[in-house]
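Listed below, chain by chain, are the residues.
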Amino acid sequence: MSDQNSNKLVVVGSVAVDWVITPTAEREESVGGAAVFFAMAASPLTPVQLVGVVGHDFPAAALGDLERAGVDLDGLERNSDGLTFRWKGRYHENMNQRDTLETHLNVFENFSPRLPPSYRESEFLFLANIQPSLQLDVLDQMAKRPRLVGLDTMNLWIDIAHDKLLEVLARVDVLAINEEEALQLTSETNLVRAANKIRELGPKTLVIKRGEYGALCFGPDNALFAAPAMPLEDVVDPTGAGDSFAGGFMGHLARTGEITDDYVRQAVIWGSTMASYCVQGFSYDQLRGLSREDIEGRYQSFVELTRF
Ligand SMILES: Nc1ncnc2c1ncn2[C@@H]1O[C@H](COP(=O)(O)OP(=O)(O)O)[C@@H](O)[C@H]1O
Ligand SMILES: O=C(O)C(=O)C[C@H](O)[C@H](O)COP(=O)(O)O
């Protein structure tokens, strides 16, 4: 293993301009996308290399934010012929549920991810929520199998690309999905039974994200770990919480290079820490410019929250 690549973390996923409506506020041009949230959350912990595509309308300021966060953008394709992927959604009163109002794939429609040579040797890879065939394509472009491969997906792919999804799942180590998706994927009604089935499909580590109720994690050596979400007085915008969680989670494992039950437990708390910042603002507003002191302090609040 070359030292140079030992803690590099590649992420492939959407780069988006969202229109987010909550019960109390609205932002019409909110930079988002799974790869953006993931990168902003992981970059305080480990070097991140991003793979995605933007159109001519993508704000230059957001590219500057990613660069200042230290995110490598060599793998970000800039397609001047079209618009960036756009998503519009409205949150319900309780903020744990949302309706998608519009999705415009735009430049994402014909996107074919190309990994720069400098990404191919990296030891950590996260396949954020995109078509399973593209996830497979990226995995195949790695020079060798990374030490740890994580994946997120959604109900759409469980419905329309089931076989491809099973094919990629067989090749990943960590699956991070939400509760409904875990049940849907396995046709189960019980979460523990669903988790056992999923772990037979490939991923030995499974993180089930439960919104304001936190996360449940089945570790590589069989530990079962539950983490609460940070109780917050003001939740501004939950968009990207899951991706920020994944960024903190994978970022910690890449930084430490340890992949045991104990480190996976810590990674769940790092995921919860970064997700808690995400939901406190629109877009990645609250993830930008975080100091080491800030994040260590929030991590310690989680330690205190769960001490007994
Ligand atoms: N309302 C909230 N308050 C505090 N933390 C939250 C809230 N919603 C989500 N989170 C954090 O974000 C994580 C992932 O969120 P979740 O909504 O489950 O993911 P996804 O966006 O993939 O559905 C949760 O495990 C939790 O730590
Ligand atoms: O890429 C997509 O499919 C989008 O809808 C754009 C969004 O910015 C995030 O991806 C929302 O992600 P989560 O709130 O973590 O589920």
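Residues numbered from 1 in each chain as written. Chains lettered and ligands numbered in written order. Predicted model: local features only at pLDDT ≥ 70, side-chain atom pairs only at ≥ 80, totals over all residues. Heavy atoms only, no water.

You'll find the protein entered in an unreviewed UniProt entry as 2-dehydro-3-deoxygluconokinase, with Enhygromyxa salina given as the organism.

(A) Summary view of the overall build of the protein. Check the secondary structure of the protein and you find 10 helices and 13 strands. A compact globule built from 308 residues should have a C-alpha radius of gyration of about 19 Å, and the protein, at 18 Å, falls within 12% of that. Summarising its shape, the C-alpha atoms of the protein cover approximately 50 × 45 × 40 Å along the three principal directions. Out of the 308 residues belonging to the protein, those deemed buried represent 56%. Within the protein, residue pairs in contact and separated by at least 24 positions form 64% of the contacts whose partners lie at least 6 positions apart. With 27 positive and 44 negative side-chain charges, the protein shows a separation of 4 Å between the mean positions of the two kinds. (Helix = DSSP H or I, 4+ residues; strand = E, 2+ residues; numbered from the N terminus. Rg over C-alpha atoms; globule rule 2.2 N^0.38 Å. Buried < 20%, exposed > 50% of the residue type's maximum accessible area, 1.4 Å probe, protein only. Contact = heavy atoms within 4.5 Å. Lys, Arg positive; Asp, Glu negative; His and termini not counted. Charge placed at Lys NZ, Arg CZ, Asp CG, Glu CD.)

(B) The arrangement of the sheet that holds strand E4 (residues 48-54) in detail. Spatially, 9 strands are ordered E5-E4-E1-E8-E9-E10-E11-E12-E13 in an open sheet, and the strand pairing comes out mixed. With partners counted over all chains shown, the strands left at the sheet margins are strand E5 (72-78) and strand E13 (224-227), one partner each. Direction aside, neighbouring strands of the sheet carry axes that sit 15 degrees apart on average. Sheet topology note: the E4/E5 ladder contains 5 bridges and is parallel. If you follow Val 54 over to E5, its bridge partner there is Arg 78. Lying on the sheet, helix H6 (residues 179-186) is in contact with strand E10 (174-178) and strand E11 (205-209); it crosses E10 at an angle near 110 degrees. Of the strands in this sheet, E10, E11 and strand E12 (215-218) are in contact with helix H7 (residues 191-201), which crosses E11 at around 140 degrees. (Pairing = 2+ DSSP bridges. Axes fitted to C-alpha atoms, helices over the stretch in contact; angles between N-to-C directions.)

(C) Structural detail: the site of ligand 1. If you check the shell around ligand 1, you find 15 residues, and the closest are Lys 209, Gly 211, Gly 214, Gly 242 and Ala 275. Take Gly 214: an N or O atom from its main chain is 2.9 Å from an oxygen atom of ligand 1. Contact between ligand 1 and Gly 242: an oxygen atom at 3.2 Å from a main-chain N or O atom of the residue. Grouping the amino acids of the shell around ligand 1 by side-chain chemistry returns 7 nonpolar, 5 polar and 3 charged. (Near = heavy atom within 4 Å. Polar contact = N/O pair within 3.5 Å; in protein donor to acceptor, adjacent residues only side chain to side chain. Nonpolar A, V, L, I, M, F, W, Y, C, P; charged D, E, K, R; others polar.)

(D) Local environment of the pairing of E10. Counting buried residues along E10, 4 of its 5 residues qualify, which places the element largely inside the surrounding structure. Note that strand E9 (residues 148-151) and E10 share 2 bridges and pair parallel. Opposite Leu 151, over in E10, you have Leu 175 as the bridge partner. Two strands pair when backbone bridges link them, and E10 and E11 are joined in this way by 5 bridges, in the parallel orientation. Looking across to E11, one finds that Leu 175 is bridged to Leu 206.

(E) Quick peek at the sheet that holds strand E7 (residues 98-104). What the 4 strands build is an open sheet, ordered E3-E2-E6-E7; its pairing is mixed. The strands lining the two open edges of the sheet, one partner per strand, are strand E3 (26-32) and E7. Taking the axes of each pair of neighbouring strands and ignoring which way they run, one obtains an average angle of 20 degrees across the sheet.

(F) Geometry of empty space enclosed by the protein. Applying the stated criterion across every chain yields a total of 1 cavity of 30 Å³ or more. Within this model, the largest cavity holds a volume of roughly 40 Å³. As for the largest cavity, its lining consists of Cys 217, Gly 219, Ala 223, Phe 225, Asp 261, Val 264, Arg 265 and Val 268. Among the elements that line the lining of the largest cavity, the one with the most residues is helix H9 (residues 261-278), at 4 residues. When its residues are assigned to classes, the lining of the largest cavity shows 5 nonpolar, 1 polar and 2 charged. (1 Å grid on protein atoms, 1.4 Å probe; cavity = no way out; pocket = protein on both sides within 12 Å on 5 of 7 lines; lining within 4 Å. Points joined across faces, edges and corners; volume = space filled by probe spheres on them.)

(G) Structural detail: the side chain of Ser 276. Its location among the elements puts Ser 276 in helix H9. From its side chain, Ser 276 meets the backbone oxygen of Thr 273 in a polar contact 2.7 Å long. Discounting chain neighbours no more than four positions away, the residues touching Ser 276 are Met 230, Leu 232, Arg 298 and Phe 302.

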